[in-house]
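# Structural description and commentary
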Amino acid sequence: MTVLFGVFLLTLLVITALAIVRTRHLFVAVILTSIFSLLMAANFFLLDAADVALTEAAIGAGISTVLFLSALALTGEHERATTMNRMLPLAVVAVITLIMIYATFDKPRFGDPEAPVHQHVAPWYIEKTPEFIDIPNVVTAVLGSFRGYDTLGEVFVVFTAGIGVLFLFSARPSNRRNVKRRVRTEPGQGLRHYLVPRVVGRLLIPFILLFGLYVQFHGEYGPGGGFQAGAMVAAAIILYALLEGETQALRALPLHTLTGLVAGGALLFGGVGVAGILLGSNFLDYSVLAADPIAGQHLGLLLIEAGVGITVTGVLLSVFHAFAARGRV
Amino acid sequence: MALLIDIASWILLTLGGAFVFIGGLGALRMPNLYTRIHAGSLTDTMGAMLVIAGIMLQAGASLATIKLAAILLFLLLTSPTASNALASAALLAGVRPDGHPAKSNPEQGK
């Protein structure tokens, strides 16, 4: 049954990918990309990767669609006709496809328990997580503690990307005529005159925030964690900005607070690592944070997940506001 | 008893599937945007309600049922809102309900 669902979802994925390539209308392409991410999330869930599925659904299908749409509001909705020769890209893609199909011949069977990926370090993590960290969600243990360096790296990638986008947007547009004015309503007013979305949206925002906090702090026990929670909290505030207008959202969370969040989360993560050194152990070793090593691990995971969530929220909101502010110029 | 619940659940699931199918068919075949929205919103409300009710019967009295109820409540709040927002946006963009594009300014502030 799982295989049947998998084949069905993958077929839909291929159809969506072809549709994305074929459409010339960028708005349609963005919505199709969102559908692609949602299908991918369902696929991950089918493969029992609930954490990845949650991330893909929150970030891929949710937030990136909003950011793509904000970018589209600044540019046009139609793809420029290409004048490039199409034979060369086609040849490159064909060669890579052939190589990838050739590579699949060496892959183990789908779901094979003897596959190298299930025999290498995974058994060790599954065996040692209850002993060293004692939390039910092995994914969070691996992500936060065993492979803490990788997650630190990811947070700094998010941090750097956010700073890069903010730098790009801090430059004034040189050619004003190219910036199309698409905003019909009063700038910064949002959807104040649409009653139904406004009422329902306002009703939902507290619950979205609550669910974000649940995902944030329940990451040790179930699927979730800082990345997903950050995206959800950012989504709630973006919804607020859409309903009540940019100005209101910026009044609730001003830009300098957002900058503080972006830097503060990454700093919190790094600080937890340095605290490990100062307390006489290695960088990002949480065992020394409390008298009991397992309690220390729990505290460390809680703090670094909070750091991840804070940075992700800050970066996503800063980027959203940067796009929106550019649209008002 | 278990058999009765199973039968009821399957009836609900099949009906829900039928509503989703009809909604999908309508979204493809209806003549203009507003009727298509109308057909599409059927899948989100009636279809989702019946399917989730069917799954709830399968889940029995457990935590899963409460979660499903929460999902149902969320869907019942958001999907009609999304359909409404879509229709208002279409009206604001100048798509007239009879399917022809507006000649002059669309009705603003509806």
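From a predicted model like this one, the values you see are computed outputs, not experimental measurements.

Quick notes on the rules
Residues numbered from 1 in each chain as written. Chains lettered and ligands numbered in written order. Predicted model: local features only at pLDDT ≥ 70, side-chain atom pairs only at ≥ 80, totals over all residues. Helix = DSSP H or I, 4+ residues; strand = E, 2+ residues; numbered from the N terminus. Buried ≥ 20, exposed ≤ 12 C-beta atoms within 10 Å, placed from the backbone. Contact = placed C-beta atoms within 7 Å. Nonpolar A, V, L, I, M, F, W, Y, C, P; charged D, E, K, R; others polar. Domains from an automatic or database assignment. Expected span 1.5 Å × (residues − 1). Bend = angle between axes of the 7 residues up to and from the residue. Axes fitted to C-alpha atoms, helices over the stretch in contact; angles between N-to-C directions. Parallel < 35°, antiparallel > 145°, perpendicular 65-115°, else oblique. Left-handed = near helix turned anticlockwise from the far one by under 90°. pLDDT = per-residue confidence, 0-100. Core = buried A, V, L, I, M, F, W, Y, C linked by C-beta atoms within 7 Å.

## Concerning the overall build of chain B
Looking only at helices and strands, chain B has 3 helices and 0 strands in total. In chain B, the order of α-helices and β-strands from amino to carboxyl end is α-α-α. The 110 residues of chain B split such that 12% are buried. For chain B, restricting intrachain contacts to residue pairs at least 6 apart in sequence, the fraction spanning at least 24 positions comes to 54%.

## What about the overall build of chain A?
The secondary structure content of chain A amounts to 13 helices and 0 strands. Going from N to C terminus, chain A has its helices and strands arranged as α-α-α-α-α-α-α-α-α-α-α-α-α. Its C-alpha atoms put chain A at 60 × 50 × 40 Å along the principal axes. A total of 329 residues make up chain A; the buried ones form 31% of that total. In chain A, once contacts between residues fewer than 6 apart in sequence are set aside, the share between residues at least 24 apart is 70%.

## Describing the interface of chain B and chain A
Across the contact, 7 residues belong to chain B and 7 residues belong to chain A. Looking at the side of chain B that touches chain A residue by residue, the classes come out as 2 nonpolar, 5 polar and no charged.

## What to know about the domain arrangement of chain A
Residues and elements named next belong to chain A. If you check the domain split of chain A, you get domain 1 (1-80) and domain 2 (138-329). At the junction of the two partners, domain 1 supplies 14 residues and domain 2 supplies 20 residues. By residue class, the composition of the side of domain 1 that touches domain 2 is 10 nonpolar, 3 polar and 1 charged.

## Things to note about helix 3 (residues 50-74) of chain A
All names here are of chain A. Spanning 25 residues, helix 3 covers 35 Å between terminal C-alpha atoms, matching the ideal 36 Å at 1.5 Å per step. Along helix 3, the sharpest kink reaches roughly 35°, centred on Ser64. Taken together, the buried positions of helix 3 are Asp51, Ala53, Leu54, Glu56, Ala57, Ala58, Ile59, Gly62, Ile63 and Val66.

## As for unusual backbone geometry
Residue and element names in this part refer to chain A. Here the phi dihedral of Asp48 falls at roughly 70°; this positive angle occurs in a residue that is not glycine. Topologically, Asp48 is positioned in the loop between helix 2 (26-46) and helix 3. Even without being a glycine, Asp134 presents a positive backbone phi close to 60°. Note that Asp134 resides in the loop between helix 6 (122-132) and helix 7 (138-146).

## Re the environment of Asp51(A)
Residues and elements named next belong to chain A. Turning to its location among the elements, Asp51 is positioned in helix 3. Using a count of 20 C-beta atoms within 10 Å as the deciding quantity, one classes Asp51 as buried. Expressed as a C-alpha distance, the spacing of Asp51 and Glu79, which sit 28 residues apart in the sequence, is 35 Å. Sequence-distant contacts of Asp51, that is, excluding residues within four places in its chain, are made with Val139, Pro223 and Gly225.

## Here's the deal with the packing of helix 1 (residues 2-29) of chain B against helix 2 (residues 33-59) of chain B
Residue and element names in this part refer to chain B. Between helix 1 and helix 2, the least distance of the axes is 7 Å, while the angle of their chain directions is 165°. In terms of orientation, helix 1 and helix 2 fall into the roughly antiparallel class. Considering the relative orientation of helix 1 and helix 2, their crossing is left-handed. Along the lines of polarity and charge, the residues of the contact of helix 1 with helix 2 split into 16 nonpolar, 10 polar and 1 charged.

## Regarding the packing of helix 9 (residues 195-217) of chain A against helix 10 (residues 226-244) of chain A
Residue and element names in this part refer to chain A. Axis separation between helix 9 and helix 10 bottoms out at 8 Å; the angle between their running directions is 165°. Looking at the two axes, helix 9 sits roughly antiparallel to helix 10. Helix 10 is crossed by helix 9, and the crossing has left-handed handedness. Here Pro197, Arg198, Gly201, Arg202, Ile205, Ile208, Leu209, Phe211, Gly212, Leu213, Val215 and Gln216 of helix 9 lie close against helix 10, whose contacting residues are Gly226, Gln228, Ala229, Met232, Val233, Ala235, Ala236, Leu239, Tyr240 and Leu243.

## A short note on the confidence of the model for chain A
Residues and elements named next belong to chain A. For chain A, mean pLDDT is 86; residues scoring 70 or higher make up 92% of the total. Looking over chain A, one finds the lowest element-wise mean pLDDT in helix 5 (residues 116-119), namely 82, and the highest in helix 2, namely 93. Contacts for the low-pLDDT stretch residues 177-186, under 50 throughout, to residues beyond four places or in other chains number 5 contacts.

## Points about the nonpolar core
Looking at soluble globular proteins, one finds that nonpolar side chains tend to be buried together. Counting 54 residues, the largest nonpolar core has Ile63(A), Ala231(A), Met232(A), Ala234(A), Ile237(A), Leu316(A) and Phe320(A) as the members making the most contacts within it. Sorting the residues of this core by element identifies helix 2, helix 3, helix 8 (148-170), helix 10, helix 12 (255-278) and helix 13 (293-328) of chain A as the ones contributing at least two each. Here the element with the most residues in this core is helix 13 of chain A; it accounts for 14 residues. When near neighbours in sequence (up to four residues on either side) are disregarded, Ala231(A) contacts Ala58(A), Ile59(A), Gly62(A), Ile63(A), Val312(A) and Leu316(A). With 7 residues, the next largest nonpolar core counts Leu42(B), Leu50(B), Val51(B) and Met56(B) among its residues.

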